[in-house]
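The residues making up each chain are set out below.
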Amino acid sequence: MLSTSTVRAHAQLIRSDPADGILVATAPGKVTLTFSEPVRPLVARLVQPSGQIAVLKEIGEKGSNITLTLPDDLENGTYTLSWRVTSGDGHPIGGGLVFSVGASSGSTPVSVGESDPLIRVGLWATRLTFMLGLIIGVGGVGFYTLIGRYDPKAGEGIIPIALSAGLLSAPLLLGLQGLDSLGGPLSDLLTASVWTAGLYATSYGGSISIAATALTLAYAARLLKYTSRAGILLSLTALLLTGVASASAGHAATAPPRGLTTPAVFLHVVAVLLWMGSLIPLVVAFTRERAAAPRVLEQFSCTVPAIVAILGVSGLVLAVVQVRTVSALWTTDYGVVLLIKLMLVASILFLALFNRYWLTEPAIADDRRATRRLIRSTSTEIALGSVVIAVLGLWRFTPPPRAMLVAPAIATVQEAKVSKDGVSATLIVRPPRVGPVSVEVSEIRVDGQAVEPLSVKIELDKPSYGIGPFMREARQQEALYHGDGFVLPLDGFWIVRVTVLITEFRSVTLTDVFDIAKGIS
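What counts and how
- Residues numbered from 1 in each chain as written.
- Predicted model: local features only at pLDDT ≥ 70, side-chain atom pairs only at ≥ 80, totals over all residues.
- Heavy atoms only, no water.
- Helix = DSSP H or I, 4+ residues; strand = E, 2+ residues; numbered from the N terminus.
- Buried < 20%, exposed > 50% of the residue type's maximum accessible area, 1.4 Å probe, protein only.
- Areas by Shrake-Rupley, 256 points an atom, 1.4 Å probe, with all protein chains shown as cover.
- Lys, Arg positive; Asp, Glu negative; His and termini not counted.
- Charge placed at Lys NZ, Arg CZ, Asp CG, Glu CD.
- Expected span 1.5 Å × (residues − 1).
- Bend = angle between axes of the 7 residues up to and from the residue.
- Pairing = 2+ DSSP bridges.
- Axes fitted to C-alpha atoms, helices over the stretch in contact; angles between N-to-C directions.
- Phe/Tyr/Trp six-rings, centres within 6.5 Å; stacked < 30°, edge-to-face > 60°.
- Lys NZ or Arg CZ within 6 Å of the ring centre and 35° of its normal.
- Salt bridge = Lys/Arg side-chain N within 4 Å of Asp/Glu carboxyl O.
- Polar contact = N/O pair within 3.5 Å; in protein donor to acceptor, adjacent residues only side chain to side chain.
- pLDDT = per-residue confidence, 0-100.
- Contact = heavy atoms within 4.5 Å.
- Parallel < 35°, antiparallel > 145°, perpendicular 65-115°, else oblique.
- Left-handed = near helix turned anticlockwise from the far one by under 90°.
- Nonpolar A, V, L, I, M, F, W, Y, C, P; charged D, E, K, R; others polar.

**Some details on the overall build of the chain**
Item 1. For the chain, the helix and strand inventory stands at 11 helices and 17 strands.
Item 2. Over its C-alpha atoms, taken along the principal directions, the chain stretches across nearly 100 × 55 × 35 Å.
Item 3. Per-residue burial for the chain yields a buried fraction of 52% across its 521 residues.
Item 4. When the accessible area of the chain is evaluated, it comes to approximately 23,500 Å², of which 60% is carbon and sulfur surface.
Item 5. On the chain, the mean spot of the 41 positive side-chain charges and the mean spot of the 37 negative ones are 13 Å from each other.

**Remarks on helix H7 (residues 293-323)**
Item 1. Taking 1.5 Å of rise per residue, the 31 residues of H7 would be expected to cover 45 Å, and the 42 Å separating its terminal C-alpha atoms lies within 8% of that figure.
Item 2. Remark: the principal bend of H7, roughly 35°, maps to threonine 303, with a proline, proline 305, within the next four residues.
Item 3. Positive backbone phi, approximately 70°, marks arginine 324, located one or two places after H7.

**Digging into the sheet that holds strand S13 (residues 467-473)**
Working definition: the strands of a sheet are paired by backbone hydrogen bonds and lie parallel or antiparallel to each other.
Item 1. Strands sit in the order S13-S12-S16-S17 across an open sheet of four strands; the sheet is antiparallel. The open sheet is flanked by S13 and strand S17 (506-516), the only strands paired with a single partner. When the angles between neighbouring strand axes are averaged without regard to direction, this sheet yields 20°.
Item 2. Pairing of strand S16 (residues 492-503) with S17, which is carried by 11 bridges, proceeds in the antiparallel orientation. Bridge pairing in S17 places threonine 499 opposite threonine 509.

**Here's the deal with the packing of aromatic side chains**
Item 1. Under the criterion given, the structure shown has six aromatic pairs.
Item 2. The interplanar angle of 15° and the centroid separation of 5.6 Å between the aromatic rings of tyrosine 79 and phenylalanine 99 together place this pair among those described as stacked. Of this pair, tyrosine 79 sits in strand S6 (residues 77-86) while phenylalanine 99 is found in strand S7 (residues 92-101), placing the two residues 20 residues apart along the sequence.
Item 3. Exposure remark for phenylalanine 99: the relative accessible area of 0% places this residue in the buried category.
Item 4. Seen from their ring centres, tyrosine 334 and tryptophan 395 are 4.6 Å apart, and the 10° between their planes marks the pair as stacked. Within this pair, whereas tyrosine 334 is found in helix H9 (residues 333-364), its partner tryptophan 395 is found in the loop between helix H10 (368-392) and helix H11 (401-404), the two being separated by 61 residues in sequence.
Item 5. The class of tryptophan 395 is buried, set by a relative accessible area of 7%.
Item 6. Directly above the ring of tyrosine 204 sits arginine 127, whose terminal nitrogen or CZ lies 5.3 Å from the centroid.
Item 7. Against the face of phenylalanine 486 rests arginine 472, its NZ or CZ located 5.1 Å from the ring centre.

**Considerations on the pattern of salt bridges**
Item 1. A full pass over the atoms with the stated rule returns five salt bridges.
Item 2. Across the pair arginine 430 and glutamate 440 runs a salt bridge, and its minimum N-O distance is 3.2 Å. Of this pair, arginine 430 sits in strand S9 (residues 423-430) while glutamate 440 sits in strand S10 (residues 435-446); the two residues are 10 residues apart in sequence, bridging distant segments of the chain.
Item 3. According to the relative accessible area criterion, arginine 430 is partly exposed, its value standing at 33%.

**Structural notes on H10**
Item 1. Under the 1.5 Å per step criterion, the end-to-end length of H10 is 36 Å for 25 residues, consistent within 8% with the ideal 36 Å.
Item 2. Among the residues of H10, the N-terminal cap falls to aspartate 367, whose side-chain oxygen and the backbone nitrogen of arginine 369 are separated by 3.0 Å.

**Some details on the confidence of the model for the chain**
Item 1. Confidence in the prediction of the chain, expressed as mean pLDDT, is 84, and 91% of residues score 70 or more.
Item 2. Averaged pLDDT values for the elements of the chain fall to 68 in H11 and rise to 94 in helix H5 (residues 229-246).
Item 3. Long-range and interchain partners of residues 1-9, a stretch whose pLDDT sits below 50, account for 49 contacts in this model, where long-range means more than four residues apart.
Item 4. A low-confidence stretch, residues 405-411 stays under pLDDT 50, and its non-local contacts, those more than four residues away or across chains, total 13 contacts.

**A few points about the packing of helix H6 (residues 258-288) against H10**
Between two packed helices, both the angle of their axes relative to each other and the distance between the axes serve to describe the pair.
Item 1. Where H6 contacts H10, the axes come no closer than 10 Å and their chain directions differ by 150°. One finds that H6 runs roughly antiparallel with respect to H10. With respect to the hand of their crossing, H6 and H10 are arranged in left-handed fashion. In this structure, H6 contributes Trp275, Met276, Leu279, Ile280, Val283, Phe286 and Thr287 to the contact, and H10 contributes Thr371, Leu374, Ile375, Thr378, Ser379, Glu381, Ile382 and Gly385.
Item 2. Among the residues making up the contact of H6 with H10, the classes are represented as nine nonpolar, five polar and one charged.

**Some thoughts on unusual backbone geometry**
Item 1. In the segment running from aspartate 17 into proline 18, the intervening peptide bond is cis, with an omega of 5°.
Item 2. Relative to the assigned elements, proline 18 resides in the loop between strand S1 (13-17) and strand S2 (23-24).
Item 3. The residue after arginine 430, namely proline 431, is reached through a cis peptide bond having omega -15°.
Item 4. Among the structural elements, proline 431 can be located in the loop between S9 and S10.
Item 5. Of note, the phi angle at aspartate 366 is positive, near 70°, even though the residue is not glycine.
Item 6. A positive phi angle, near 55°, is found at aspartate 447, a position not held by glycine.

Given below as structure tokens:
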């Protein structure tokens with residue numbers, strides 16, 4: 001539960017006004033950021049030429065277009081604007097841009113987008129503790145209520161410890177979530193704004209609160225005895241609330257179509273609680289309650305196939321929605337984490353099958369050797385399950401391929417091979433959309449022979465609307481010549497002219513037309 005941010009964007013920044021790196025004559029009154037999906041602004045900071053940092057007070061409302069209001073007294077110089085927003089799945093996204101007023105003052109951009117590594121490690125560790133508290137605590141209470149109803153005092157050791165650990169980690173998780181949302185340092189942990197952000201800035205605040213309520217109800221169910229009417233009601237409510245908490249935030253729960261993915265997350269999490277939460281009580285039964293252990297094992301063996309089937313089907317649905325393509329399993333960080341998870345789960349399933357078909361019947365028949373092997377095998381399942389939960393915590397920092405494919409055209413290019421008067425080159429415009437674009441010139445040849453020209457100038461214009469030309473001196477990077485800083489305000493056909501200065505006495509202008517698509521709204 002709650003595993004699954006990044007730091008790399010799930011929503012994509014399509015364009016900004018003013019554009020990144022632009023020089024403007026007069027100070028803009030606002031900055032408009034356009035994203036590929038609705039986002040909620042969290043915080044924006046403006047680094048002034050003097051190095052002072054101002055936190056912007058007016059940062060807009062939730063939507064695809066976010067308007068940040070700048071101070072009225074901006075002086076000439078270079079400014080760095082850093083911002084953090086939260087995407088639809090509740091994860092914070094950071095970014096920034098640089099613009100100059102009047103003239104550049106030579107300032108360098110500050111690092112944006114990633115929170116403090118210590119905060120990220122703390123967030124992962126605290127989330128792991130919280131999740132294990134839910135699985136062992138709420139799942140264990142569910143086991144004693146639904147399957148192992150042989151002794152109300154069973155599990156007096158590990159179950160309350162797990163529930164307490166989960167409850168104690170919940171406030172810290174909220175605080176770290178707030179720090180991660182705002183991109184603040186660890187020293188800000190005790191400030192009110194961080195806790196407000198942890199509770200309300202993202203959907204994770206509500207999710208953690210619901211899960212903490214589930215832990216509290218499970219604890220109450222244990223105190224009221226698992227088999228009492230009140231205990232059964234509270235434990236079932238705790239199981240359902242944990243599923244609801246998981247289905248209210250995260251990559252998978254918010255992926256379209258939500259009518260499919262949200263129920264799949266709910267069922268997947270409840271199945272995990274009932275399966276993995278049953279393993280420790282089973283070990284307890286065979287080590288402390290030997291008289292009732294055969295009956296409990298028999299009940300668990302009859303129940304677990306249905307639980308594993310639900311787990312497998314729901315997991316397959318979520319994997320297909322999130323990964324989309326088979327190659328994404330090894331070409332994306334999210335896919336690699338999923339592969340590691342699948343290998344670990346396959347090991348657990350192998351042990352489960354071995355226990356079910358080779359050790360269960362002998363253990364029920366009181367075969368001591370089989371019982372010892374069953375305890376060791378189940379303990380290995382518990383260890384592997386804990387590793388799975390730890391690995392899944394990495395999804396918090398890896399966007400799924402589905403999220404990275406939200407705006408596929410951003411990653412595409414338009415390419416053309418152009419020649420004139422014995423001079424040829426390859427022109428590339430990326431991305432071919434309204435907003436910031438760059439032009440690359442490569443494979444420059446004269447009469448079929450590769451040459452290194454003295455200079456390359458790039459012009460873009462749209463004469464039908466009287467826009468342009470915009471001109472840039474291309475910068476050389478090995479055999480490539482890059483023209484950056486173009487901002488195209490309209491879609492449609494744009495003329496690209498590349499003037500190649502071959503010698504002091506010879507230059508050739510290569511011309512082509514590119515079709516620029518509309519920006520993503």
